[in-house]
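# Reading the structure
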Amino acid sequence: MLDVACYCTQSRRIARALTDTYDQALAPSGLKVTQFSLLRMVARLGSPTIGALAEATGLDRSTLGRNLRVVQKDGWATMSAGSDERTRVVTLTKAGELAVQRAVPLWDGAQAEVRAKFPPALLKALATASARLDA
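Starting afresh in each chain, residues are numbered from 1 along the sequence in its written order. With the structure being a predicted model, the display of local features is reserved for residues of pLDDT at least 70 and the display and counting of side-chain atom pairs for 80 or more, all residues being used for whole-chain, interface and lining totals. Only hydrogens and water are set aside when side-chain values are computed; all heavy atoms of the structure are taken into account.

Here, a strand pair is defined by DSSP locating no fewer than two bridges between the strands. Under the DSSP-based scheme used, a helix requires at least four consecutive residues in state H or I and a strand at least two consecutive residues in state E, with every element numbered from the N terminus. In this sheet, strand E2 (residues 88-92) lies alongside strand E1 (residues 77-81) in antiparallel orientation, the contact comprising 5 bridges. Bridge pairing in E2 links Ala 81 to Arg 88. Where E1 hands over to E2, the hairpin turn is made up of 6 residues, counted between the paired strands.

Quick look at the side chain of Thr 93 now. Mapped onto the elements, Thr 93 comes out in the loop between E2 and helix H5 (94-117). Within the structure, the side chain of Thr 93 is placed 2.6 Å from the backbone oxygen of Gly 75, a separation counted as a polar contact. Among all residues touching Thr 93, those that are not within four sequence positions of it are Gly 75, Trp 76, Ala 77 and Thr 78. Here a polar contact means two N or O atoms within 3.5 Å. Within protein one must be a hydrogen donor candidate and the other an acceptor candidate, and residues neighboring in sequence count only if both atoms are side-chain atoms. Any two residues whose heavy atoms approach within 4.5 Å are treated as being in contact.

Looking now at the side chain of Gln 35. Position of Gln 35 among the secondary structure elements: in helix H2 (residues 33-45). Exposure is judged per residue with a 1.4 Å probe applied to protein chains only, and the accessible area is read against the type maximum: over 50% gives exposed, under 20% gives buried, and values in between give partly exposed. Taking relative accessible area as the criterion, Gln 35 reaches 12% and is therefore assigned buried. Non-local contacts of Gln 35, meaning those with residues more than four positions away in its chain, are made with Gly 30, Val 70, Val 71, Asp 74 and Trp 76.

Below, the discussion takes up H2. In this scheme, a helix's expected span is set at 1.5 Å multiplied by one less than its residue total. Between the first and last C-alpha of H2 there are 18 Å, a value that for 13 residues agrees with the 18 Å anticipated at 1.5 Å per step. Taken together, the buried positions of H2 are occupied by Val 33, Gln 35, Phe 36, Leu 38, Leu 39, Arg 40, Met 41 and Val 42. Of the surrounding secondary structure, the elements contacted by the buried residues of H2 are helix H1 (7-26), helix H3 (50-57), helix H4 (61-73), E1, E2 and H5. Trailing H2 by a residue or two, Gly 46 shows a phi angle of about 90°, which is positive.

So, on to the packing of H2 against H5. The contact between H2 and H5 brings their axes to 11 Å, and the two run at 120°. When the axes of H2 and H5 are compared, the pair comes out oblique. The handedness of the crossing between H2 and H5 is left-handed. Listed contacts from H5 to Phe 36, Leu 39 and Arg 40 of H2 are Val 100, Ala 103, Val 104 and Trp 107. Across the contact of H2 with H5, the residue classes break down as 6 nonpolar, no polar and 1 charged. In this analysis, axes come from line fits to C-alpha atoms, helices being fitted only over the stretch in contact, and the angle between any two N-to-C directions falls in the range 0 to 180 degrees. When an angle is under 35 degrees it counts as roughly parallel; over 145 it counts as roughly antiparallel; between 65 and 115 it counts as roughly perpendicular; any other value is oblique. We call a crossing left-handed when the near helix sits turned anticlockwise from the far one by less than a right angle, and right-handed when that turn is clockwise. Residue polarity follows a fixed list, in which Ala, Val, Leu, Ile, Met, Phe, Trp, Tyr, Cys and Pro are nonpolar, Asp, Glu, Lys and Arg are charged, and the others, Gly among them, are polar.

What follows is about the environment of Ala 95. Along the polypeptide, Ala 95 turns up in helix H5. For Ala 95, a relative accessible area of 38% puts it in the partly exposed group. Each residue touching Ala 95, except ones within four places of it in the same chain, is listed here: Gly 75 and Trp 76.

With that settled, consider the state of the cysteines. We call a pair of cysteine sulfur atoms a disulfide whenever their separation is within 2.5 Å. Inspection of every chain in the model, using the stated rule, returns 0 disulfides. Cysteine Cys 6 remains unbridged, with the sulfur of Cys 8 as its closest cysteine sulfur at 5.3 Å. Note on Cys 6: relative accessible area 23%, which makes it partly exposed. When its relative accessible area of 48% is taken as the criterion, Cys 8 is described as partly exposed.

Put into structure tokens, the structure is as follows:
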């Protein structure tokens, strides 16, 4: 039986279910939700530095680095020198731009599926909790 008193266990279970929903929906695009989210943020920010991308995604630099290596290996993004030797800039490739474009309608479908599965109050609470993490 699930330990209902452990918020961490509950939130991890929900996170796995959400990740599975998005990964299944995005499968035809070849992207996982982690890759899609990362590529979409790069697209939104233009060509961000790794530091700016880490801040925008809420990922620590080591996790971001691992995720960037995957999208770079798959040809969806490149990294180049920034304005000085300490900074690196992330840029989407044409293949990365196309992958994001193909994935957006699939992501929209996953969003609709999540809205249908979960009560609106829970989704609002998730958004509120997420915003508080950044405060």
